[in-house]
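Fold and contact review
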Amino acid sequence: MAQKRKTTKAPAVDLPTDAQGDIVKTSDSIKDHQKGKTWGRARDVGFWSVLNTAVIMAFCPFLVIYFWHSCDAYKCDLLAPAMPLINEKGLSAEKILSWAFGCFPQPTTEGFVLFSGWLIFQAALYAFLPGPIGYGQMTPAGFVLPYIVNGMLAWTVTHILYFGASLGLGLFPATIVHDNWGGLLVAANVYGYLLTVFVYVKAHLFPSHPADRKFSSSVIYDLFFGIEFNPRIGEMFDFKLFHNGRPGIVAWTLINGSFAAAQYQEIGYVTNSMWLLMVLHAIYVVDFFYNEDWYLRTIDICHDHFGFYLAWGDSVWLPFMYTLQSHYLVRNPVDLSTPYFLLVTALGLFGYYIFRSVNNQKNLVRKTNGKCKIWGKPAKFIRTEFITSDGKTHTSLLLASGFWGVSRHFNYVGDLCISLAFCMTCGFGHFLPYFYIIYMFILLMGRIQRDDARCRGKYGKYWIEYGKLVPWKLLPYVY
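Definitions and limits used
- Residues numbered from 1 in each chain as written.
- Predicted model: local features only at pLDDT ≥ 70, side-chain atom pairs only at ≥ 80, totals over all residues.
- Heavy atoms only, no water.
- Helix = DSSP H or I, 4+ residues; strand = E, 2+ residues; numbered from the N terminus.
- Rg over C-alpha atoms; globule rule 2.2 N^0.38 Å.
- Contact = heavy atoms within 4.5 Å.
- Areas by Shrake-Rupley, 256 points an atom, 1.4 Å probe, with all protein chains shown as cover.
- Lys, Arg positive; Asp, Glu negative; His and termini not counted.
- Charge placed at Lys NZ, Arg CZ, Asp CG, Glu CD.
- Disulfide = S-S within 2.5 Å.
- Buried < 20%, exposed > 50% of the residue type's maximum accessible area, 1.4 Å probe, protein only.
- Axes fitted to C-alpha atoms, helices over the stretch in contact; angles between N-to-C directions.
- Parallel < 35°, antiparallel > 145°, perpendicular 65-115°, else oblique.
- Left-handed = near helix turned anticlockwise from the far one by under 90°.
- Nonpolar A, V, L, I, M, F, W, Y, C, P; charged D, E, K, R; others polar.
- Polar contact = N/O pair within 3.5 Å; in protein donor to acceptor, adjacent residues only side chain to side chain.
- Pairing = 2+ DSSP bridges.
- Arc of directions from axis to C-beta.
- Core = buried A, V, L, I, M, F, W, Y, C linked by side-chain atoms within 4.5 Å.

**A word on the overall build of the protein**
Of regular secondary structure, the protein possesses 20 helices and 10 strands. Here the C-alpha atoms of the protein give a radius of gyration of 23 Å, agreeing with the 23 Å that 2.2 N^0.38 yields for 479 residues. Along the first, second and third principal axes, the C-alpha set of the protein runs to 60 × 50 × 50 Å. Nonlocal contacts in the protein, meaning residues at least 24 apart in sequence, comprise 76% of its contacts between residues at least 6 apart. Per element, the accessible surface of the protein, about 20,800 Å² overall, is 66% carbon and sulfur. Of note, the protein has its 40 positive side-chain charges centred 9 Å away from the centre of its 31 negative side-chain charges.

Here it is in structure tokens:
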């Protein structure tokens, strides 16, 4: 799908010394030897891990549908849809199933056409828009892969075309996403499950990098967390970066705009709460694409394999659950008082400052190989060695000064602050808008645990030394 590009080389300081060039493969192996000898996702899993993944795959899609139904039919009251079932006397499996299917949105031709068109359009932008070449971190099998970094341009082109064609030229209503939200939810779920099955089969029959696959003893676990590390079509079309960044995150701000247009259509103006939400979401999204090259070296790309967790999660969970606040504000318009508006704004900007400052410190140390100052003092770090599954030894840095000396994941403090600000734009009328901060807390706590396990496997004694130097994982004296 991707056209042939003239690639640009990443700066030497950004890559290990044996990983310079356009497309880097430090492993000479052609057979699958990545069987858990080095770091990566779990290979040996127990009954409870398998059961947990099975429950998530079965339950989470219905959870998204239930949230949609509560907003679509009950103005985002989470308890209201369940009341008929709670009040029912003589419950039976038949009645429960009837109630559950009654929550489902109807599949529509419009929903499938819109979703398919959206995927094809975003895939075309990803494949053909120009952009510099960025590189991810070295994989467990010793690969350093190139990525086309054109997300900011794709985001800009998409929004200009969407709002220009709808608000400017009147070719379609700006509320088209809002108006087809149920049908889009059905189409997104179908795609998410089909993509999960496809990448599972691909990992067995035609993997992109066989040595970076991870198999467990459970089909369910492999379906959920994925087998391939970086499944690709051709040389540059990377499934993980595409689905993480496009279409979900590009759609995030576009969805908000469509719901704002629906609010204007309903009440004749856009509330200050909706404006604030759109600005805070836009800051987060634009930051993601502006720093897309940095994102290539974060946990999503560097640790997670590609299975249901990312395939369905990026297709359904992200666009439908991350935009709950804008959906809520359409059904329940909120006009914020000036003091409260300023408080939420300050919290969101403070969270963004922490998030970006923490990540910039790590990025600076990586780019300068530690030859820099953090908070006016020479950077303090541990120089480590790690071995990839091809038997080669490489070096890396573990930063232990600045915010990274306060805790190992202080960037997550910023994440949680800005996430709470998203929720607070909706006031305190219902629980639904605050599901996001609860989810983010659970997600980030899980990431801390996964990162700790991965780094223990990757760095060994160096990680133990780092843990003594920086004992707190999130907040000093708390966790």
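**Brief notes about the state of the cysteines**
One pass over the full model with this rule turns up one disulfide. Bridging Cys71 to Cys76, the disulfide has an S-S length of 2.2 Å. On the S-S bond that ties Cys71 to Cys76, the torsion sits near 115°, and the link is right-handed. Overall, Cys71 belongs to the buried group, its relative accessible area being 1%.

**Overview of the environment of Pro140**
Its place among the elements puts Pro140 in the loop between strand E2 (133-135) and strand E3 (143-144). It is 9.2 Å that separates the C-alpha atoms of Pro140 and His303, two residues lying 163 residues apart in sequence.

**Things to note about the packing of helix H4 (residues 109-128) against helix H5 (residues 151-168)**
Viewed as axis vectors pointing N to C, H4 and H5 meet at an angle of 135°, and their least axial separation amounts to 10 Å. Between H4 and H5, the interaxial angle falls into the category oblique. Relative to H5, the crossing made by H4 is right-handed. In this structure, H4 uses Trp118, Phe121, Gln122 and Leu125 to contact H5, whose residues at the interface are Ala154, Val157, Thr158 and Leu161. Here the contact of H4 with H5 is built from residues that sort into six nonpolar, two polar and no charged.

**A look at unusual backbone geometry**
For the peptide bond that leads from Arg246 to Pro247, omega is 10°, which places it in the cis range. Tracing the backbone through its elements, the reader meets Pro247 in the loop between helix H9 (239-245) and helix H10 (248-267). Look at Cys76: it is not a glycine, yet its phi comes out positive at around 70°. At Asn369, a residue that is not glycine, the phi angle is positive and equals roughly 55°. Positionally, Asn369 belongs in the loop between helix H16 (338-368) and strand E7 (373-374).

**Re the environment of Tyr436**
As for its position among the elements, Tyr436 is in helix H19 (residues 435-459). On a C-alpha basis, the gap between Tyr436 and Thr323 in space is 9.1 Å, while along the polypeptide they are 113 residues apart. Apart from residues lying up to four places away in sequence, Tyr436 is in contact with Trp252, Met321, Tyr322, Gln325, Ser419, Phe422 and Cys423.

**A word on the side chain of Thr139**
Here Thr139 is to be found in the loop between E2 and E3. A residue is classified by how much of its surface remains accessible, and Thr139, at 2% relative accessible area, is buried. A distance of 2.5 Å separates a polar atom in the side chain of Thr139 from a polar atom in the side chain of Asp212.

**A short note on the pairing of strand E10 (residues 393-399)**
Taken together, the seven bridges between strand E9 (residues 381-387) and E10 define a ladder with antiparallel strand orientation. What sits directly across from Ile387, in E10, is Thr393. Between E9 and E10, which follow one another and run antiparallel, lie five residues, and Gly391 among them has a positive phi close to 90°.

**Concerning helix H20 (residues 461-469)**
For H20, the full list of buried residues reads Tyr462, Trp463, Tyr466 and Gly467. Seen from one end, H20 has its buried residues packed into an arc of 140°, which puts them on one side. Summarising the geometry of H20, the exposed residues directed more than 90 degrees from the buried face are Lys461 and Lys468.

**As for the nonpolar core**
Counting residues in each nonpolar core, the largest one holds 137 residues, and the members touching the most others are Phe67, Trp317 and Tyr322. What Trp317 contacts, discounting residues up to four positions off in sequence, is Cys60, Leu63, Val64, Trp312, Tyr322, Phe435 and Tyr439.

**A short note on the side chain of Asp238**
By secondary structure assignment, the location of Asp238 is in strand E6 (residues 237-238). A polar atom in the side chain of Asp238 sits 2.9 Å from the side chain of Arg232. At a separation of 2.9 Å, a polar atom in the side chain of Asp238 contacts the main-chain amide nitrogen of Leu241. Once residues within four sequence positions are removed from consideration, Asp238 is found in contact with Tyr126, Tyr147, Asn230, Pro231 and Arg232.

No statement about biological role is implied by the geometric values presented.
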